[in-house]
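# Observations on the three-dimensional arrangement
The primary structure of each chain is shown beneath.
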Amino acid sequence: ALEIREKKKTEEIFKKEFNIRIRSVNGESFGRFCRQFEIMLKAGIPILKCLELIAAETENQQFARDIHGVGQQIQCGASLSQALMAYPKSFPVLFVFMVEAGEISGNLSTVLTKMADHYETEEKYRRQLQQTLFYPLILSVVFVLVLVFLVTTVLPTFVDMFVVMNAELPGPTRFLMALSHGLGVNWPIVILTLTGLVAGLTLLMEVDVVAKKRDWLSVKMPLIGVLNHKRCLSRMATTLGMLLASGIDLLTALKQLEGVTENRYIKMVLIELREKVTNGSSLSQGMVESNVFPSLFCQLVAIGEASGSLPEVLETLNIIYTDEIQARIQLLHTSLEPLILVIFGGLVLFILAAIMLPVFDIYAAYSNM
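Below, the structure is looked at part by part. (Residues numbered from 1 in each chain as written. Predicted model: local features only at pLDDT ≥ 70, side-chain atom pairs only at ≥ 80, totals over all residues. Heavy atoms only, no water.)

Between the first and last C-alpha of helix α2 (residues 27-42) there are 23 Å, a value that for 16 residues agrees with the 22 Å anticipated at 1.5 Å per step. Turning to α2, its buried residues number three or more, namely S29, F30, G31, F33, C34, F37, E38, M40 and L41. (Helix = DSSP H or I, 4+ residues; strand = E, 2+ residues; numbered from the N terminus. Expected span 1.5 Å × (residues − 1). Buried < 20%, exposed > 50% of the residue type's maximum accessible area, 1.4 Å probe, protein only.)

Inspection of the entire model under this criterion finds 15 salt bridges. A salt bridge links R35 to D117; its shortest N-O distance comes to 2.6 Å. In this pair, R35 sits in helix α2 while D117 sits in helix α7 (residues 108-164), placing the two residues 82 residues apart along the sequence. By relative accessible area, R35 is classed as partly exposed at 21%. For D117, a relative accessible area of 37% gives the class partly exposed. The residue R274 makes a salt bridge to E258 at a minimum N-O spacing of 2.5 Å. (Salt bridge = Lys/Arg side-chain N within 4 Å of Asp/Glu carboxyl O.)

With that settled, the discussion passes to the packing of helix α6 (residues 93-105) against helix α10 (residues 224-245). At their nearest, the axes of α6 and α10 sit 10 Å apart, and the two run at 25° to each other. Taken together, the axes of α6 and α10 are roughly parallel relative to one another. Note that α6 runs across α10; the crossing there is left-handed. From α6, L94, F97 and M98 reach across to α10, where they touch T239, M242 and L243. Looking at the contact of α6 with α10 residue by residue, the classes come out as five nonpolar, one polar and no charged. (Axes fitted to C-alpha atoms, helices over the stretch in contact; angles between N-to-C directions. Parallel < 35°, antiparallel > 145°, perpendicular 65-115°, else oblique. Left-handed = near helix turned anticlockwise from the far one by under 90°. Contact = heavy atoms within 4.5 Å. Nonpolar A, V, L, I, M, F, W, Y, C, P; charged D, E, K, R; others polar.)

Purely geometric stuff here, so don't read any function into it on its own.
What follows is the structure, encoded as structure tokens:
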């Protein structure tokens, strides 16, 4: 009996040590979890039974295992928020904090409703962007393959003819010939160099100063940057509104907002904003002094502060920016495809011109003989 018991313990340790979570739960699965949890709680089902039913219906086995673990911790005397905190790969910090606020205020089902809406909206944005970028991505891959085919297969055929006829080649043709030769002879070096550059850039982007510059660029550049900026504003408005509506004080809400903001540039601005509020400045005044919050955002926040209805005003701002995000996604969809067509079409025309110009020169020379 002792030997069997030791074997089971060893297997448990092995499973515990090597059950590595590569990535967190995706937005679709977590939004579904929030919605199911909310519906069951409103139906009067106890929390433990809710978790048991949701875990049984969850397809993601790692997520289901963590939901089951939350139920076990609650049975051992932990609160729901404390149990959720033990599984950070499955339950985001914002969700845990909001659940804790819901437990304290007695509005857990209301909090779950807001969190379900929040994560479902985030998932909807992600899907819309995927749909918008899918066709341009396929188009880009096809164009790149066509360019590689022209440079490595079509061009060398004409190069032999140019060499035999001792023709004087224009600059674009010489450039493409050199590129074709380099890709044909040194392609392993080219692949290793590109791989090294990608790895180096990936590591460089983790440096705090570089990451802040990257995140600053992500909200400042045209088209994509404007969309990212509005998404950040919408996310900040809805998150801060939910936190304040749950009875959390402004400074704590701002600190929590910093913790759930992924953009390091925006996070730095929020830290500065919290320091200004701590030193006696109003929230709207601190926002005006930053260069992240637009005039409309600051004006409506000032009205919310004056009237004591800041959570409601922030929800209104979320609705405004949600509509603007939809319009920006549509604009991105309509402008990205022709832009890619123009860029890659120009490259193809350049290669064809570099190939055909010497042919025309040779033909003209022979016609004049």
